[in-house]
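# Examining the three-dimensional arrangement
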Amino acid sequence: MINRVILLGRKGLSLSGSIVKDVRDNELLIRIEYAGICGTDLQIINGLRPDKAQILGHEGVGKIVVLGKKIRVYRLNQRFVFNPVDPDDQNRILGHTYN
């Protein structure tokens, strides 16, 4: 089960969950162990930024729990510190410009 907190604008926050059963051959699944709320997230919550994302807390630490068949560089239970920014577009940020 993957849980996420969703921003509902001025209505507050909501907890939502979904089940991930599998990954594609070139994907991996990371279980988030810790996630932070940054200053930008607080601005979004307070309506001071027009960002579209509703799922905040994108910077954090996680552990690989499922590896796709073609993934050779990483291993199960390997930990990552992440800030998911698109390497081709620094303005495309998970948790700011998309969910």
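The structure this text deals with has already been given above.
Residues numbered from 1 in each chain as written. Predicted model: local features only at pLDDT ≥ 70, side-chain atom pairs only at ≥ 80, totals over all residues. Heavy atoms only, no water.

## Here's the deal with the overall build of the protein chain
Secondary structure assignment for the protein chain yields 1 helix and 5 strands. When burial is assessed residue by residue, the protein chain has 21% of its 99 residues classed as buried. Here the protein chain has roughly 7,400 Å² of accessible surface; of this, 51% comes from carbon and sulfur atoms. (Helix = DSSP H or I, 4+ residues; strand = E, 2+ residues; numbered from the N terminus. Buried < 20%, exposed > 50% of the residue type's maximum accessible area, 1.4 Å probe, protein only. Areas by Shrake-Rupley, 256 points an atom, 1.4 Å probe, with all protein chains shown as cover.)

## So, the packing of aromatic side chains
Enumeration according to the criterion identifies 1 aromatic pair in this entry. Ring centres of Y74 and F80 lie 5.2 Å apart, and the angle between their planes is 65 degrees; on these two criteria the pair is classed as edge-to-face. For F80, a relative accessible area of 21% puts it in the partly exposed group. (Phe/Tyr/Trp six-rings, centres within 6.5 Å; stacked < 30°, edge-to-face > 60°.)

## What to know about a nonpolar patch on the surface
Taken together, the side chains of I37, L42 and I45 present a nonpolar region at the surface, about 260 Å² in accessible area. Summarising the element assignment, I45 is placed in helix α1 (residues 39-45). (Patch = residues over 30% accessible without salt bridge, like charges linked within 9 Å, V, L, I, M, F, W, Y side chains within 5 Å. Salt bridge = Lys/Arg side-chain N within 4 Å of Asp/Glu carboxyl O.)

## Comments concerning the pairing of strand β4 (residues 59-67)
Where strand β3 (residues 28-36) and β4 come together, 8 bridges link them in antiparallel fashion. Within β4, the residue paired with I30 across the bridge is I64. As judged from the 4 bridges shared by β4 and strand β5 (residues 79-82), these two strands associate in the antiparallel manner. Bridge pairing in β5 links K63 to R79. (Pairing = 2+ DSSP bridges.)

## With respect to the environment of R31
Within the element layout of this structure, R31 appears in strand β3. In this structure, the C-alpha to C-alpha distance between R31 and F80, residues 49 residues apart in sequence, is 10.0 Å.

## Topic: the side chain of Q78
Position of Q78 relative to the elements: it lies in the loop between β4 and β5. The residues contacting Q78, other than those within four sequence positions of it, are G62, K63 and I64. (Contact = heavy atoms within 4.5 Å.)

## Some remarks on the sheet that holds β4
Strand order in the open sheet made by the 3 strands is β3-β4-β5, with antiparallel pairing throughout. If you trace the sheet from one side to the other, it starts and ends with β3 and β5, each paired once. Between one strand axis and the next, the sheet turns by 30 degrees as a mean value, whatever way the strands run. (Axes fitted to C-alpha atoms, helices over the stretch in contact; angles between N-to-C directions.)

## Brief notes about the pattern of salt bridges
Summed over the entire model, instances satisfying the criterion amount to 3 salt bridges. Here E33 and K63 are joined by a salt bridge, their closest N and O atoms 3.8 Å apart. Within this pair, whereas E33 is found in strand β3, its partner K63 is found in strand β4, the two being separated by 30 residues in sequence. A salt bridge links R79 to E33, with the nearest nitrogen and oxygen atoms 2.8 Å apart. Highlighted residues: R79 in strand β5 and E33 in strand β3, separated in sequence by 46 residues. On the basis of relative accessible area, R79 is assigned to the exposed category, the value being 52%. One network of salt bridges, in which partners are shared, links E33, K63 and R79.

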